[in-house]
Amino acid sequence: MPRFAANLSMMYTEHDFLDRFAAASADGFTAVEYLFPYAYDATKLRQRLDDHGLGQVLFNAPPGAWESGERGTAALPGREAETRSGIARALEYAAALDCPRVHVMAGLVRPDVTPKELAEHRDTYLANLAWAAERAVAVGVDILVEPINGRDMPGYFLSRQAQAHTVVRDVGAPNLKVQLDLYHCQIVEGDLTTTLRRDLPTGRVGHLQIAGVPDRHEPDRGELSVGHLFGVVDDLGFDGWIGCEYNPRAGTSEGLGWLDDYRGDNA
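Each value, and the rule that gives it
- Residues numbered from 1 in each chain as written.
- Predicted model: local features only at pLDDT ≥ 70, side-chain atom pairs only at ≥ 80, totals over all residues.
- Heavy atoms only, no water.
- Core = buried A, V, L, I, M, F, W, Y, C linked by side-chain atoms within 4.5 Å.
- Buried < 20%, exposed > 50% of the residue type's maximum accessible area, 1.4 Å probe, protein only.
- Helix = DSSP H or I, 4+ residues; strand = E, 2+ residues; numbered from the N terminus.
- Pairing = 2+ DSSP bridges.
- Axes fitted to C-alpha atoms, helices over the stretch in contact; angles between N-to-C directions.
- Contact = heavy atoms within 4.5 Å.
- Arc of directions from axis to C-beta.

(A) A look at the nonpolar core. Counting residues in each nonpolar core, the largest one holds 81 residues, and the members touching the most others are F21, F29, F59 and Y125. Broken down by element, the residue count for this core peaks at seven residues, all from helix 4 (residues 115-136).

Shown next as C-alpha cells:
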C-alpha cells in the first residue's frame, strides 16, 4: 500500500515552517519531505520530527544560489568544490535527521550549449554523483537524481526518465537512484502506467512524487487518474514513499479529500 509524505515546502504554508510538522501529523501523515533544511539547526528539526512522530524521508542538497535562480550545481564544470562541500553538509543533516535519501540537483544549462559543452556537463555530473554516492554509503543514504520538466524549470540538465536511468547505470553505484515525480513525467513524456511498470521493478527508483497536472494542485485535480496510478504502484510492490509535492488550492487540510478517499478505500 503506498505511503504518503507531506512536502512541507509546498503544503501547510498557512503555518510557519516549524509549525508545519505538527499540522502534517494532525492530518495523519507519518513522514515529511521538503526542499532544504539548512536554515534551521538539525537538532531543532529532529526535535520537531520526534515530537510529532514523523520520519524525514527526503530533502535536497544545497542547490547553489537558489534565490538568484540557480537550480543545482552538480552538472556545472568548475563548481565541483562547492558541489561536494554541499553534499557533505547534506549528509551531515541526513545523519542527524535519520533521513535515508538526498536529492542532488544537476543545474541549468544554456539553451545554446554545444555538444562538446554538453558532454563536459555530463562528465562533471557523473563524477560528482559517483563522489556523492561513495560518501553516502557510510551514513546509509541513497543519492537521488530527478528529471524535471522544462516548463517549470527551463534549461534543467535532466528532463527525461531514460536520461536519469542511463546516468544511474553509468555511475553504477547501488545507492544512486531515480526520483520519479509523476507530475514532471506526465508533462514531459506521459505514459505513466507504462513508465511505472517498466521502471519500478528495476530497483533504480528510490522515491516517487505526485501532484495534479497541469496546475500542480492536489493530485486528483486535473488530468491524472491518481486512484489508478496508486493501484499500479501497489500492484508493483513499491515499498518506498510518495511525496505530496503540490501547491494546495486553498487550505492544505481542506484539500486532503483525495487522501481521505484513498485511506477509506484501503482501510
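(B) Structural detail: the sheet that holds strand 6 (residues 176-181). If you trace the eight strands once around the closed barrel, you get 1-2-3-4-5-6-7-8, paired in parallel fashion. On average, each strand axis in the sheet is tilted by 30 degrees relative to the strand beside it, whichever way the strands run. Of the pairings in the sheet, the one linking strand 6 to strand 7 (residues 205-210) comprises four bridges and is parallel in character. Residue pairing in the sheet places V178 in a bridge with V205 of strand 7. In this fold helix 5 (residues 161-171) packs onto strand 5 (142-145), strand 6 and strand 7, with an angle of close to 170 degrees to the strand it touches most, strand 6.

(C) Structural detail: unusual backbone geometry. At the junction of V213 and P214, the peptide bond is cis and its omega measures out at 15 degrees in the coordinates. Phi is positive for D191, which is not a glycine, with a value near 55 degrees. Tracing the sequence through the fold places D191 in the loop between helix 6 (182-188) and helix 7 (192-199).

(D) Representation of the environment of A88 within the structure. Among the structural elements, A88 can be located in helix 3 (residues 80-97). What makes A88 partly exposed here is its relative accessible area of 34%. Along the primary structure A88 and A136 are separated by 48 residues, whereas in three dimensions their C-alpha atoms are 8.7 Å apart.

(E) Structural detail: the environment of V178. Mapped onto the elements, V178 comes out in strand 6. Here V178 falls in the buried class, since its relative accessible area comes to 0%. For the pair V178 and R204, spaced 26 residues apart in the sequence, the C-alpha separation amounts to 6.0 Å. Those residues in contact with V178 that sit more than four places away from it in its chain are V145, P147, Q161, A164, H165, V168, R204, V205, G206 and H207.

(F) Structural detail: helix 2 (residues 42-51). All buried positions along helix 2 are accounted for by A42, L45 and L49. End-on view of helix 2: buried residues confined to an arc of 65 degrees, all on one side of the axis. Tucked inside the fold, the buried residues of helix 2 contact helix 1 (20-26), strand 2 (31-33), strand 3 (55-60) and helix 3. Once helix 2 finishes, G53 follows within two positions and takes phi at roughly 65 degrees, a positive value.

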